[in-house]
Amino acid sequence: MYEQCPHCGHTYEREPGYFLGALYVSYLLSIPPGLVLVLGIWHFTRWPFDWSVGAAFLAYLPLVPLVTRWARVLWMHLDWHFDPGA
Ligand SMILES: [Zn+2]
């Protein structure tokens, strides 16, 4: 990841630990598809519920890098919206 935007020079990581807040965004982004995966696997396979949770976890793993990136972008937009000056 670049430290600054190559076009406008915007600094992405304003301070140490800046992207910690993106973890909450990532969590919120992951709940709906995770729930759909768990319930879908549980419904269609008739596996025990805890197996379905494990299978959904494994099925969701490839999406984690993508969701992490989206979460960081959303976090930066939220931060910029509420605190554009810093
Ligand atoms: Zn830019």
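These figures come from a predicted structure and were not determined experimentally.

Draft legend 1. View of unusual backbone geometry. With a phi close to 60°, Arg-46 is a non-glycine residue in the positive phi region. Assignment of secondary structure puts Arg-46 in the loop between helix H1 (20–45) and helix H2 (49–60). Classification of Arg-46 as exposed rests on a count of 8 C-beta atoms within 10 Å.

Draft legend 2. Region of the structure containing the packing of H1 against helix H3 (residues 64–82). At a closest axis distance of 8 Å, the pairing of H1 and H3 adopts a crossing angle of 120°. Taken together, the axes of H1 and H3 are oblique relative to one another. H3 is crossed by H1, and the crossing has right-handed handedness. Residues Gly-21, Ala-22, Val-25, Ser-26, Leu-29 and Ser-30 of H1 form the contact with H3, whose own contacting residues are Val-67, Thr-68, Trp-70, Ala-71, Arg-72, Leu-74 and Trp-75.

Draft legend 3. Representation of the packing of H1 against H2. Two numbers describe how H1 lies on H2: the axes approach to 8 Å, and their chain directions differ by 130°. Put simply, H1 runs oblique to H2. Pair H1 / H2 crosses with right-handed handedness. Between H1, through Pro-33, Gly-34, Leu-37, Val-38, Ile-41, Trp-42 and Thr-45, and H2, the contact on the second element is made entirely by Phe-49, Ser-52, Val-53, Ala-55, Ala-56, Ala-59 and Tyr-60.

Draft legend 4. Main features of H1. The end-to-end C-alpha distance of H1, which contains 26 residues, comes to 36 Å, matching closely the 38 Å that a straight helix rising 1.5 Å per residue would cover. At Ile-31, H1 is bent by approximately 35°, the largest bend along its length, and proline Pro-32 sits one to four residues beyond. Along H1, the positions that sit buried rather than exposed are Ala-22, Val-25, Ser-26, Leu-37 and Ile-41. Where the residues of H1 are buried, they touch H2 and H3. Where H1 terminates, the next one or two residues include Arg-46, which has phi positive at roughly 60°.

Draft legend 5. Molecular detail of the environment of Thr-68. Inspection of the secondary structure assignment puts Thr-68 in helix H3. Look at Thr-68 and you get partly exposed, because 17 C-beta atoms sit within 10 Å. Each C-alpha atom, one on Thr-68 and one on Ala-22, is 7.7 Å from the other, the two residues being 46 residues apart in sequence.

Scoring rules and cut-offs
- Residues numbered from 1 in each chain as written.
- Predicted model: local features only at pLDDT ≥ 70, side-chain atom pairs only at ≥ 80, totals over all residues.
- Helix = DSSP H or I, 4+ residues; strand = E, 2+ residues; numbered from the N terminus.
- Buried ≥ 20, exposed ≤ 12 C-beta atoms within 10 Å, placed from the backbone.
- Axes fitted to C-alpha atoms, helices over the stretch in contact; angles between N-to-C directions.
- Parallel < 35°, antiparallel > 145°, perpendicular 65-115°, else oblique.
- Left-handed = near helix turned anticlockwise from the far one by under 90°.
- Contact = placed C-beta atoms within 7 Å.
- Expected span 1.5 Å × (residues − 1).
- Bend = angle between axes of the 7 residues up to and from the residue.

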